[in-house]
Amino acid sequence: MEEFHKVRRLPPYVFEQVNRLKASARAAGADIIDLGMGNPDLPTPQAIVDKLCEAVQDPRTHRYSASKGIPGLRRAQAGYYARRFNVKLNPDTQVVATLGSKEGFANMAQAITAPGDVILCPNPTYPIHAFGFLMTGGVIRSIPVEPDETFFPPLERAVRHSIPKPLALIINYPSNPTARVASLDFYKDVIAFAKKHELIVLSDLAYSEIYFDGNPPPSVLEVPGAMDVAVEFTSMSKTFSMPGWRMGFAVGNERLIAALARVKSYLDYGAFTPIQVAATHALNGDGTDIAEVRNIYKRRRDVMVDSFGKAGFEVPPPAATMFAWAKIPEKFRHLGSLEFSKLLVEKADVAVAPGIGFGEMGDEYVRLALVENEHRIRQAARNIKKFMSTADETLHNVIPLNAHR
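Residues numbered from 1 in each chain as written. Predicted model: local features only at pLDDT ≥ 70, side-chain atom pairs only at ≥ 80, totals over all residues. Heavy atoms only, no water.

Labelled according to an unreviewed UniProt entry, the protein appears under the name Aminotransferase, originating from Ciceribacter naphthalenivorans. Under the UniProt heading Sequence similarities (unreviewed entry), the note attached to the protein is "Belongs to the class-I pyridoxal-phosphate-dependent aminotransferase family." Under the UniProt heading Cofactor (unreviewed entry), the note attached to the protein is "pyridoxal 5'-phosphate". (UniProt positions renumbered as here; feature names shortened; annotations may be inferred.)

Have a look at this one:
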(Lines give C-alpha, C1' and ligand atoms only; values in the text may rest on other atoms or scores of the structure.)
Protein backbone atom coordinates (compact mmCIF):
# COMPACT_ATOMS: atom_id res chain seq x y z
CA MET A 1 0.00 0.00 0.00
CA GLU A 2 1.13 3.54 -0.71
CA GLU A 3 2.64 5.38 2.24
CA PHE A 4 0.77 8.27 3.82
CA HIS A 5 1.56 11.75 2.53
CA LYS A 6 3.48 12.98 5.60
CA VAL A 7 5.41 9.74 5.92
CA ARG A 8 6.47 10.00 2.28
CA ARG A 9 8.02 13.39 3.01
CA LEU A 10 10.44 11.82 5.50
CA PRO A 11 13.58 10.10 4.20
CA PRO A 12 14.67 6.71 5.60
CA TYR A 13 16.03 7.07 9.12
CA VAL A 14 19.76 6.72 8.49
CA PHE A 15 20.64 6.04 12.10
CA GLU A 16 18.36 2.99 12.16
CA GLN A 17 20.69 1.14 9.77
CA VAL A 18 23.57 1.54 12.21
CA ASN A 19 21.28 0.68 15.13
CA ARG A 20 20.25 -2.60 13.49
CA LEU A 21 23.87 -3.57 12.94
CA LYS A 22 24.69 -2.64 16.52
CA ALA A 23 21.81 -4.74 17.89
CA SER A 24 22.77 -7.70 15.71
CA ALA A 25 26.41 -7.51 16.80
CA ARG A 26 25.43 -7.38 20.47
CA ALA A 27 23.07 -10.32 20.02
CA ALA A 28 26.06 -12.25 18.66
CA GLY A 29 28.07 -11.41 21.78
CA ALA A 30 30.07 -8.40 20.61
CA ASP A 31 30.93 -5.69 23.14
CA ILE A 32 29.93 -2.60 21.17
CA ILE A 33 31.28 0.71 22.46
CA ASP A 34 28.42 3.06 21.63
CA LEU A 35 29.47 6.58 20.70
CA GLY A 36 26.49 7.01 18.40
CA MET A 37 23.33 8.22 20.10
CA GLY A 38 23.55 11.33 22.27
CA ASN A 39 22.00 9.50 25.22
CA PRO A 40 23.69 10.66 28.45
CA ASP A 41 24.95 7.79 30.59
CA LEU A 42 25.34 9.93 33.72
CA PRO A 43 22.67 9.51 36.40
CA THR A 44 20.29 12.33 37.22
CA PRO A 45 21.58 14.08 40.39
CA GLN A 46 20.19 12.44 43.52
CA ALA A 47 18.61 15.63 44.88
CA ILE A 48 16.46 15.90 41.75
CA VAL A 49 15.41 12.24 42.03
CA ASP A 50 14.60 12.76 45.72
CA LYS A 51 12.38 15.73 44.88
CA LEU A 52 10.52 13.62 42.31
CA CYS A 53 9.96 10.87 44.88
CA GLU A 54 8.73 13.40 47.42
CA ALA A 55 6.31 15.03 44.98
CA VAL A 56 4.87 11.77 43.71
CA GLN A 57 3.72 10.89 47.24
CA ASP A 58 1.17 13.70 47.04
CA PRO A 59 -1.96 12.33 45.31
CA ARG A 60 -2.81 15.81 44.01
CA THR A 61 0.17 15.57 41.65
CA HIS A 62 -1.34 12.50 39.96
CA ARG A 63 -4.02 14.54 38.20
CA TYR A 64 -3.73 16.27 34.84
CA SER A 65 -1.02 18.90 34.84
CA ALA A 66 -0.72 22.22 32.99
CA SER A 67 0.14 22.03 29.28
CA LYS A 68 2.30 25.16 29.36
CA GLY A 69 3.99 24.12 32.61
CA ILE A 70 3.14 24.69 36.27
CA PRO A 71 3.68 28.32 37.39
CA GLY A 72 6.63 27.50 39.65
CA LEU A 73 8.48 25.79 36.82
CA ARG A 74 7.96 28.70 34.44
CA ARG A 75 9.17 31.10 37.12
CA ALA A 76 12.26 28.92 37.67
CA GLN A 77 13.09 28.99 33.95
CA ALA A 78 12.68 32.77 33.91
CA GLY A 79 15.00 32.94 36.92
CA TYR A 80 17.58 30.82 35.13
CA TYR A 81 17.56 33.17 32.12
CA ALA A 82 17.92 36.18 34.41
CA ARG A 83 20.94 34.70 36.19
CA ARG A 84 22.65 33.08 33.23
CA PHE A 85 21.98 35.53 30.41
CA ASN A 86 20.70 38.68 32.13
CA VAL A 87 17.51 38.27 30.07
CA LYS A 88 14.20 39.21 31.67
CA LEU A 89 11.26 36.94 30.83
CA ASN A 90 7.61 37.14 31.85
CA PRO A 91 6.90 33.57 33.04
CA ASP A 92 3.20 33.94 32.19
CA THR A 93 3.58 35.07 28.58
CA GLN A 94 7.14 34.33 27.47
CA VAL A 95 7.82 30.83 28.84
CA VAL A 96 6.30 27.47 27.87
CA ALA A 97 7.45 24.12 29.26
CA THR A 98 7.84 21.47 26.56
CA LEU A 99 8.31 17.70 26.52
CA GLY A 100 11.96 18.21 25.62
CA SER A 101 13.23 20.73 23.09
CA LYS A 102 12.50 18.28 20.25
CA GLU A 103 8.75 18.33 20.94
CA GLY A 104 8.86 22.09 21.33
CA PHE A 105 10.49 22.54 17.94
CA ALA A 106 8.06 20.17 16.22
CA ASN A 107 4.99 21.85 17.70
CA MET A 108 6.31 25.33 16.95
CA ALA A 109 6.53 24.20 13.33
CA GLN A 110 2.94 22.98 13.62
CA ALA A 111 1.88 26.34 15.05
CA ILE A 112 3.43 28.72 12.54
CA THR A 113 3.83 26.88 9.21
CA ALA A 114 1.47 26.93 6.24
CA PRO A 115 1.97 24.53 3.30
CA GLY A 116 4.76 25.82 1.08
CA ASP A 117 6.33 28.14 3.66
CA VAL A 118 10.11 28.35 3.20
CA ILE A 119 12.31 27.70 6.24
CA LEU A 120 16.04 28.52 6.27
CA CYS A 121 17.76 25.63 8.00
CA PRO A 122 21.45 24.83 8.64
CA ASN A 123 22.99 21.83 6.91
CA PRO A 124 24.16 19.71 8.66
CA THR A 125 21.89 20.04 11.67
CA TYR A 126 19.82 18.08 14.17
CA PRO A 127 17.11 16.29 12.14
CA ILE A 128 14.02 17.76 13.85
CA HIS A 129 15.05 21.25 12.72
CA ALA A 130 14.20 20.30 9.15
CA PHE A 131 11.77 17.42 9.51
CA GLY A 132 9.49 19.19 11.97
CA PHE A 133 8.73 21.68 9.21
CA LEU A 134 8.64 19.10 6.42
CA MET A 135 5.92 17.21 8.28
CA THR A 136 3.79 20.36 8.42
CA GLY A 137 4.14 21.06 4.69
CA GLY A 138 7.03 23.49 4.84
CA VAL A 139 9.92 23.69 2.39
CA ILE A 140 13.53 23.59 3.61
CA ARG A 141 16.25 25.74 2.08
CA SER A 142 19.71 24.82 3.36
CA ILE A 143 22.12 27.43 4.69
CA PRO A 144 25.69 27.20 6.08
CA VAL A 145 26.31 26.15 9.64
CA GLU A 146 29.51 28.09 10.39
CA PRO A 147 28.80 31.16 12.59
CA ASP A 148 31.26 33.45 10.82
CA GLU A 149 31.58 35.73 7.80
CA THR A 150 30.68 32.87 5.44
CA PHE A 151 27.18 32.62 6.92
CA PHE A 152 25.45 35.72 5.57
CA PRO A 153 26.16 35.86 1.80
CA PRO A 154 24.39 32.52 1.17
CA LEU A 155 21.66 33.67 3.53
CA GLU A 156 21.15 36.82 1.47
CA ARG A 157 20.91 34.73 -1.70
CA ALA A 158 18.44 32.36 -0.06
CA VAL A 159 16.16 35.24 0.91
CA ARG A 160 16.48 36.93 -2.47
CA HIS A 161 15.73 33.83 -4.53
CA SER A 162 13.13 32.04 -2.39
CA ILE A 163 9.47 32.18 -3.43
CA PRO A 164 7.58 32.72 -1.23
CA LYS A 165 9.83 34.80 0.98
CA PRO A 166 11.20 32.69 3.86
CA LEU A 167 9.16 32.57 7.04
CA ALA A 168 11.82 31.59 9.57
CA LEU A 169 15.53 31.11 10.18
CA ILE A 170 16.76 28.26 12.37
CA ILE A 171 20.01 28.62 14.31
CA ASN A 172 21.61 26.04 16.57
CA TYR A 173 24.65 26.96 18.64
CA PRO A 174 26.37 25.20 20.26
CA SER A 175 25.63 23.11 17.21
CA ASN A 176 24.51 19.52 17.09
CA PRO A 177 26.33 17.89 15.33
CA THR A 178 29.25 20.22 14.55
CA ALA A 179 29.81 21.59 18.11
CA ARG A 180 30.41 25.09 16.71
CA VAL A 181 29.70 27.97 19.12
CA ALA A 182 28.35 31.38 18.13
CA SER A 183 29.39 34.73 19.56
CA LEU A 184 27.09 37.49 20.74
CA ASP A 185 28.29 39.66 17.84
CA PHE A 186 27.15 36.94 15.44
CA TYR A 187 23.74 36.90 17.09
CA LYS A 188 23.51 40.68 16.73
CA ASP A 189 24.02 40.30 12.99
CA VAL A 190 21.43 37.51 12.87
CA ILE A 191 18.80 39.64 14.59
CA ALA A 192 19.55 42.63 12.37
CA PHE A 193 19.21 40.39 9.31
CA ALA A 194 15.97 38.88 10.58
CA LYS A 195 14.41 42.29 11.24
CA LYS A 196 15.50 43.59 7.86
CA HIS A 197 13.85 40.65 6.07
CA GLU A 198 10.95 40.09 8.52
CA LEU A 199 12.07 36.61 9.53
CA ILE A 200 11.23 34.62 12.65
CA VAL A 201 14.35 33.33 14.44
CA LEU A 202 14.16 29.93 16.13
CA SER A 203 17.23 29.24 18.26
CA ASP A 204 18.09 25.79 19.63
CA LEU A 205 20.22 26.26 22.75
CA ALA A 206 20.00 22.71 24.11
CA TYR A 207 23.73 22.66 24.97
CA SER A 208 23.93 25.99 26.75
CA GLU A 209 25.64 24.48 29.81
CA ILE A 210 27.88 21.83 28.21
CA TYR A 211 30.83 24.04 27.33
CA PHE A 212 34.56 23.83 27.93
CA ASP A 213 37.53 26.15 28.35
CA GLY A 214 35.56 28.67 30.41
CA ASN A 215 33.52 30.27 27.61
CA PRO A 216 29.76 30.07 28.33
CA PRO A 217 27.73 30.22 25.09
CA PRO A 218 25.44 33.26 24.84
CA SER A 219 21.72 33.35 24.16
CA VAL A 220 20.34 35.09 21.09
CA LEU A 221 17.85 36.78 23.44
CA GLU A 222 20.71 38.77 24.95
CA VAL A 223 20.66 40.91 21.81
CA PRO A 224 18.58 44.08 22.27
CA GLY A 225 15.37 43.73 20.26
CA ALA A 226 15.72 39.95 19.80
CA MET A 227 12.51 39.41 21.74
CA ASP A 228 10.65 41.03 18.82
CA VAL A 229 11.43 38.15 16.46
CA ALA A 230 13.02 35.23 18.34
CA VAL A 231 12.11 32.15 20.34
CA GLU A 232 14.73 29.96 21.99
CA PHE A 233 14.50 26.30 22.95
CA THR A 234 16.41 24.74 25.83
CA SER A 235 16.46 21.29 27.39
CA MET A 236 17.21 19.74 30.77
CA SER A 237 18.26 16.46 29.15
CA LYS A 238 21.98 17.16 28.95
CA THR A 239 22.35 19.94 31.52
CA PHE A 240 20.97 17.82 34.36
CA SER A 241 21.35 14.34 32.82
CA MET A 242 17.55 14.05 32.53
CA PRO A 243 17.02 12.75 28.96
CA GLY A 244 14.23 10.31 29.74
CA TRP A 245 12.37 12.84 31.86
CA ARG A 246 11.45 14.82 28.72
CA MET A 247 11.60 18.36 30.01
CA GLY A 248 12.49 21.46 28.03
CA PHE A 249 11.37 25.02 27.36
CA ALA A 250 10.55 27.55 24.70
CA VAL A 251 11.03 31.20 25.66
CA GLY A 252 10.91 34.54 23.91
CA ASN A 253 8.50 36.43 21.66
CA GLU A 254 5.03 36.54 23.22
CA ARG A 255 3.11 36.03 19.97
CA LEU A 256 5.11 32.95 19.03
CA ILE A 257 4.98 31.54 22.56
CA ALA A 258 1.20 32.03 22.60
CA ALA A 259 0.89 30.16 19.30
CA LEU A 260 2.95 27.26 20.64
CA ALA A 261 0.98 27.19 23.89
CA ARG A 262 -2.31 27.10 21.99
CA VAL A 263 -1.23 24.18 19.81
CA LYS A 264 0.08 22.28 22.82
CA SER A 265 -3.16 22.84 24.70
CA TYR A 266 -4.89 20.68 22.09
CA LEU A 267 -2.22 17.96 22.13
CA ASP A 268 -1.06 17.33 25.70
CA TYR A 269 -1.58 18.10 29.37
CA GLY A 270 2.09 18.71 29.99
CA ALA A 271 4.65 16.52 31.73
CA PHE A 272 3.74 14.54 34.85
CA THR A 273 3.52 17.12 37.67
CA PRO A 274 6.18 15.47 39.91
CA ILE A 275 8.63 15.72 37.00
CA GLN A 276 7.86 19.42 36.71
CA VAL A 277 8.34 19.86 40.48
CA ALA A 278 11.71 18.09 40.32
CA ALA A 279 12.72 20.18 37.30
CA THR A 280 11.83 23.32 39.23
CA HIS A 281 14.10 22.18 42.06
CA ALA A 282 16.92 21.58 39.56
CA LEU A 283 16.63 25.02 37.96
CA ASN A 284 16.57 26.73 41.35
CA GLY A 285 19.75 24.93 42.46
CA ASP A 286 23.20 26.40 42.96
CA GLY A 287 24.71 25.01 39.75
CA THR A 288 27.12 22.51 41.34
CA ASP A 289 25.43 19.60 39.55
CA ILE A 290 25.87 21.35 36.21
CA ALA A 291 29.55 22.03 36.86
CA GLU A 292 30.17 18.38 37.73
CA VAL A 293 28.54 17.15 34.53
CA ARG A 294 30.53 19.67 32.50
CA ASN A 295 33.81 18.52 34.04
CA ILE A 296 33.07 14.86 33.27
CA TYR A 297 32.38 15.64 29.62
CA LYS A 298 35.52 17.75 29.40
CA ARG A 299 37.69 14.90 30.70
CA ARG A 300 36.08 12.53 28.21
CA ARG A 301 36.61 15.03 25.41
CA ASP A 302 40.29 15.34 26.21
CA VAL A 303 40.73 11.56 26.37
CA MET A 304 38.95 11.12 23.03
CA VAL A 305 40.97 13.79 21.26
CA ASP A 306 44.24 12.34 22.58
CA SER A 307 43.56 8.62 22.14
CA PHE A 308 41.83 8.85 18.77
CA GLY A 309 44.59 11.14 17.49
CA LYS A 310 47.21 8.58 18.48
CA ALA A 311 45.14 5.95 16.68
CA GLY A 312 45.33 7.94 13.44
CA PHE A 313 41.77 9.31 13.60
CA GLU A 314 42.00 13.05 14.13
CA VAL A 315 39.21 14.48 16.31
CA PRO A 316 39.13 18.30 16.64
CA PRO A 317 38.42 19.25 20.27
CA PRO A 318 34.85 20.56 20.52
CA ALA A 319 34.39 23.84 22.38
CA ALA A 320 30.97 22.74 23.63
CA THR A 321 28.27 20.01 23.51
CA MET A 322 28.69 16.34 24.36
CA PHE A 323 29.80 15.54 20.80
CA ALA A 324 32.85 15.67 18.60
CA TRP A 325 32.47 16.19 14.84
CA ALA A 326 35.29 14.41 13.06
CA LYS A 327 36.18 14.08 9.40
CA ILE A 328 36.37 10.50 8.21
CA PRO A 329 40.03 9.41 7.77
CA GLU A 330 41.02 10.03 4.16
CA LYS A 331 41.52 6.34 3.36
CA PHE A 332 37.82 5.69 4.03
CA ARG A 333 36.26 9.00 2.97
CA HIS A 334 35.18 7.71 -0.44
CA LEU A 335 32.85 5.23 1.26
CA GLY A 336 30.67 7.95 2.77
CA SER A 337 29.67 8.27 6.40
CA LEU A 338 27.01 5.55 6.48
CA GLU A 339 29.24 2.80 5.07
CA PHE A 340 32.14 3.93 7.25
CA SER A 341 29.91 3.83 10.33
CA LYS A 342 28.77 0.32 9.44
CA LEU A 343 32.39 -0.78 9.07
CA LEU A 344 33.25 0.54 12.53
CA VAL A 345 30.48 -1.55 14.06
CA GLU A 346 31.43 -4.67 12.11
CA LYS A 347 35.22 -4.42 12.27
CA ALA A 348 36.00 -2.33 15.37
CA ASP A 349 33.00 -2.89 17.69
CA VAL A 350 32.47 0.89 17.81
CA ALA A 351 29.21 2.68 16.96
CA VAL A 352 29.19 6.30 15.74
CA ALA A 353 26.55 8.50 14.11
CA PRO A 354 26.99 8.89 10.32
CA GLY A 355 27.17 12.54 9.29
CA ILE A 356 24.73 12.02 6.40
CA GLY A 357 22.00 11.61 9.00
CA PHE A 358 22.31 15.33 9.76
CA GLY A 359 22.16 16.44 6.12
CA GLU A 360 24.03 15.82 2.90
CA MET A 361 26.70 18.37 3.84
CA GLY A 362 27.73 16.10 6.71
CA ASP A 363 28.58 13.04 4.66
CA GLU A 364 32.35 13.36 5.09
CA TYR A 365 32.01 13.34 8.88
CA VAL A 366 30.86 11.22 11.79
CA ARG A 367 29.56 12.41 15.14
CA LEU A 368 31.13 10.92 18.26
CA ALA A 369 29.13 11.16 21.49
CA LEU A 370 30.90 11.45 24.85
CA VAL A 371 28.57 8.91 26.46
CA GLU A 372 31.08 6.24 27.44
CA ASN A 373 33.58 6.48 30.29
CA GLU A 374 37.24 7.29 29.73
CA HIS A 375 38.34 3.65 29.81
CA ARG A 376 35.81 2.71 27.13
CA ILE A 377 36.80 5.68 24.96
CA ARG A 378 40.44 4.55 25.07
CA GLN A 379 39.32 1.02 24.18
CA ALA A 380 37.37 2.41 21.22
CA ALA A 381 40.52 4.17 20.03
CA ARG A 382 42.52 0.92 20.29
CA ASN A 383 39.85 -0.97 18.36
CA ILE A 384 39.78 1.66 15.61
CA LYS A 385 43.58 1.74 15.39
CA LYS A 386 43.67 -2.04 14.92
CA PHE A 387 40.92 -1.88 12.29
CA MET A 388 42.60 0.89 10.30
CA SER A 389 46.02 -0.77 10.41
CA THR A 390 44.64 -3.94 8.80
CA ALA A 391 42.08 -2.31 6.49
CA ASP A 392 44.21 -2.62 3.35
CA GLU A 393 44.20 -6.41 3.69
CA THR A 394 40.64 -6.90 4.91
CA LEU A 395 38.66 -4.32 2.93
CA HIS A 396 39.99 -4.80 -0.61
CA ASN A 397 36.56 -5.99 -1.77
CA VAL A 398 34.46 -3.23 -0.20
CA ILE A 399 32.73 -1.11 -2.82
CA PRO A 400 30.92 2.11 -1.88
CA LEU A 401 27.20 2.10 -2.65
CA ASN A 402 27.47 5.02 -5.06
CA ALA A 403 30.41 3.61 -7.03
CA HIS A 404 28.21 2.61 -9.99
CA ARG A 405 26.82 6.11 -10.48
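*Asks:* Let's hear about the packing of helix H5 (residues 100-112) against helix H9 (residues 254-267): which residues, and what values?
*Replies:* Where H5 meets H9, the closest approach of the two axes is 9 Å, and the angle between their N-to-C directions is 100°. Considering the angle they form, H5 stands roughly perpendicular to H9. Residues Glu103, Gly104, Asn107, Met108, Gln110, Ala111 and Ile112 of H5 pack against Leu256, Ala259, Leu260, Val263, Lys264 and Leu267 of H9. When the residues that make up the contact of H5 with H9 are grouped by side-chain class, the tally is eight nonpolar, three polar and two charged. (Axes fitted to C-alpha atoms, helices over the stretch in contact; angles between N-to-C directions. Helix = DSSP H or I, 4+ residues; strand = E, 2+ residues; numbered from the N terminus. Parallel < 35°, antiparallel > 145°, perpendicular 65-115°, else oblique. Contact = heavy atoms within 4.5 Å. Nonpolar A, V, L, I, M, F, W, Y, C, P; charged D, E, K, R; others polar.)

*Asks:* Which residues make up the packing of aromatic side chains, and what values go with them?
*Replies:* Scanning the entire structure with this criterion turns up 19 aromatic pairs. An angle of 25° between the planes, with centres 4.2 Å apart, marks the rings of Tyr64 and Tyr269 as stacked. Highlighted residues: Tyr64 in the loop between helix H3 (46-56) and helix H4 (71-85) and Tyr269 in the loop between H9 and helix H10 (273-283), separated in sequence by 205 residues. Exposure remark for Tyr64: the relative accessible area of 68% places this residue in the exposed category. Seen from their ring centres, Phe152 and Phe193 are 6.1 Å apart, and the 50° between their planes marks the pair as tilted. Note that Phe152 is positioned in helix H7 (residues 152-161) and Phe193 in helix H8 (residues 184-197), a separation of 41 residues in sequence. The pair Phe152 / Phe193 is uniform in exposure class, with both members buried. (Phe/Tyr/Trp six-rings, centres within 6.5 Å; stacked < 30°, edge-to-face > 60°. Buried < 20%, exposed > 50% of the residue type's maximum accessible area, 1.4 Å probe, protein only.)

*Asks:* Go over the sheet that holds strand S9 (residues 323-327), please, and point to the residues and values.
*Replies:* Spatially, three strands are ordered S9-S12-S11 in an open sheet, and the strand pairing comes out antiparallel. In this open sheet, the two edge strands, each paired with only one partner strand, are S9 and strand S11 (353-354). Inspection of the sheet shows S9 paired to strand S12 (residues 365-369) by five bridges, in the antiparallel sense. Bridging from a neighbouring strand, Trp325 pairs with Arg367 of S12. (Pairing = 2+ DSSP bridges.)

*Asks:* Describe the pattern of salt bridges, listing the residues and the values that go with them.
*Replies:* Counted under the stated rule, the structure contains 22 salt bridges. Note that Lys195 and Asp228 form a salt bridge whose closest N and O atoms lie 2.8 Å from each other. Of this pair, Lys195 sits in helix H8 while Asp228 sits in the loop between strand S6 (200-204) and strand S7 (230-235); the two residues are 33 residues apart in sequence, bridging distant segments of the chain. One salt bridge connects Lys327 with Glu364, and the closest N-O pair in it is separated by 3.5 Å. Of this pair, Lys327 sits in strand S9 while Glu364 sits in the loop between S11 and S12, and the two are 37 residues apart along the sequence. Owing to a relative accessible area of 34%, Lys327 belongs among the partly exposed residues under this scheme. (Salt bridge = Lys/Arg side-chain N within 4 Å of Asp/Glu carboxyl O.)

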